[in-house]
Structures are given as structure tokens and as C-alpha cells.
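What the coordinates show
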Amino acid sequence: HMADSELHECGYAWGAEGLTILADGAVLENCTITGNYIGLYCRGNFGYPINITLVNCNMSYNQVDGLYCFNKFTHVEAENCSFSHNGVYGIRSHSADLAVRGCEFSWNGVDGIYCQPAALQVVDCTFRANGEYGVQLLGAGGGCRLVGNDFLDDGIYIYASSPEEYGKYDFTGNRVNG
């Protein structure tokens, strides 16, 4: 458990992330991670899946991503967090399961959330003025749920590889302006 902590400018080249988590059960609460190459990098391994929880955290002004989640053995939950002013993505998920609630994604260089085939749940979040999209989803291996979100000067890009895949999506109560 890491709480009430700050991590600034600890890694500014590929392979030198601000904080790397490879262990199950990590909880970050009221933490600020800024000014790194990637703010937080999470990766499970075959036979060693990990679950990570972020609560009231701020991941901003990182060169590439605020949070990068990698592979199908990784599950990340974020609640009431802020991901802003990151060079590329607020959150990038490559095949990792991601659930976010009540978070804000603003002024990231490309997308608020970029997700390749994975399970994605985004509930009651705000997306504002990200470079390309609030959420960009390229296939939903485990389904996609976007519910009750505000997209202000932002959009949503969804790619599904088949008509059957669209049946895994739930898009209700979202508001798009811009």
C-alpha cells in the first residue's frame, strides 16, 4: 500500500518508468506521479496475474503515458483519479483489463484512454480536450462498457472486428459535446 506519496522525474527514458508494479494486490491512494517517461507501468505474468487499485491519484505531465497496463494477466481499477497533460495517453492498456470510475482525462497529447483488445469499463468519467479521442478502443476482447461519461470537446473511436463483437458493448447515458 502506497499512500499520500509523490513521485516526480524518476525515469525519463524507455525502460525507466517512474514506478513499475509487477506484484499482485498493490494499492496506490492519494499519490501524485508526474514528470516521468511513463508515470506508472503495470504488468502481470503468465501464472502470476496482478490486480492493482488506484484511488484519488494524479498522473500528469509524463512524457508518454500517465499509466501503461500491459498484457492479459493485468487488471487495474482506478477511482477518482486524474490523468492530464501526458504526452501521448492518459491511460494505455494493451490487452489488460481496465475499470475506471469517476476519473478525469484532459489535455493528453493523443487519447484519454487508448485500449487494445481487452475488457474496458468506464463509468462516470469526464474527458476534455484530449488530442484525438477521449476513448479509443481497438477491439473489446472482454467487452466494453462506457456508461454515464461526459465527453467535452472530445470523441469516442471504437473498432470492432466483427458484428458479434458489437454485442459485447454497452454505451448508455454518455454525453458528447464537441
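Anything mentioned here points back to the structure above.
Residues numbered from 1 in each chain as written. Predicted model: local features only at pLDDT ≥ 70, side-chain atom pairs only at ≥ 80, totals over all residues. Heavy atoms only, no water.

1. Details of the environment of E6
- One can find E6 in strand 2 (residues 6-8).
- When the C-alpha positions of E6 and C31 are compared, they lie 5.6 Å apart, and in sequence the two are 25 residues distant.
- Of the polar contacts made by the side chain of E6, one reaches the side chain of H8; its length is 2.8 Å. (Helix = DSSP H or I, 4+ residues; strand = E, 2+ residues; numbered from the N terminus. Polar contact = N/O pair within 3.5 Å; in protein donor to acceptor, adjacent residues only side chain to side chain.)

2. Quick word on the sheet that holds strand 18 (residues 133-138)
- Pairing in this open sheet of seven strands is parallel, and the strands run 3-6-9-12-15-18-21 from one edge to the other. Taken across any chain shown, the strands that pair with only one partner, and hence form the sheet edges, are strand 3 (19-21) and strand 21 (156-159). Taking the axes of each pair of neighbouring strands and ignoring which way they run, one obtains an average angle of 5° across the sheet. (Pairing = 2+ DSSP bridges. Axes fitted to C-alpha atoms, helices over the stretch in contact; angles between N-to-C directions.)

3. A few points about the pairing of strand 15 (residues 111-116)
- Burial analysis of strand 15 places five of its six residues in the buried class, which makes it a mostly covered element.
- Pairing geometry for strand 12 (residues 89-94) and strand 15, over five bridges, is parallel. Bridge pairing links Y89 to D111 in strand 15.
- Where strand 15 meets strand 18, four bridges bridge the pair, whose relative direction is parallel. From the neighbouring strand, I113 faces strand 18, where its bridge partner is V135. (Buried < 20%, exposed > 50% of the residue type's maximum accessible area, 1.4 Å probe, protein only.)

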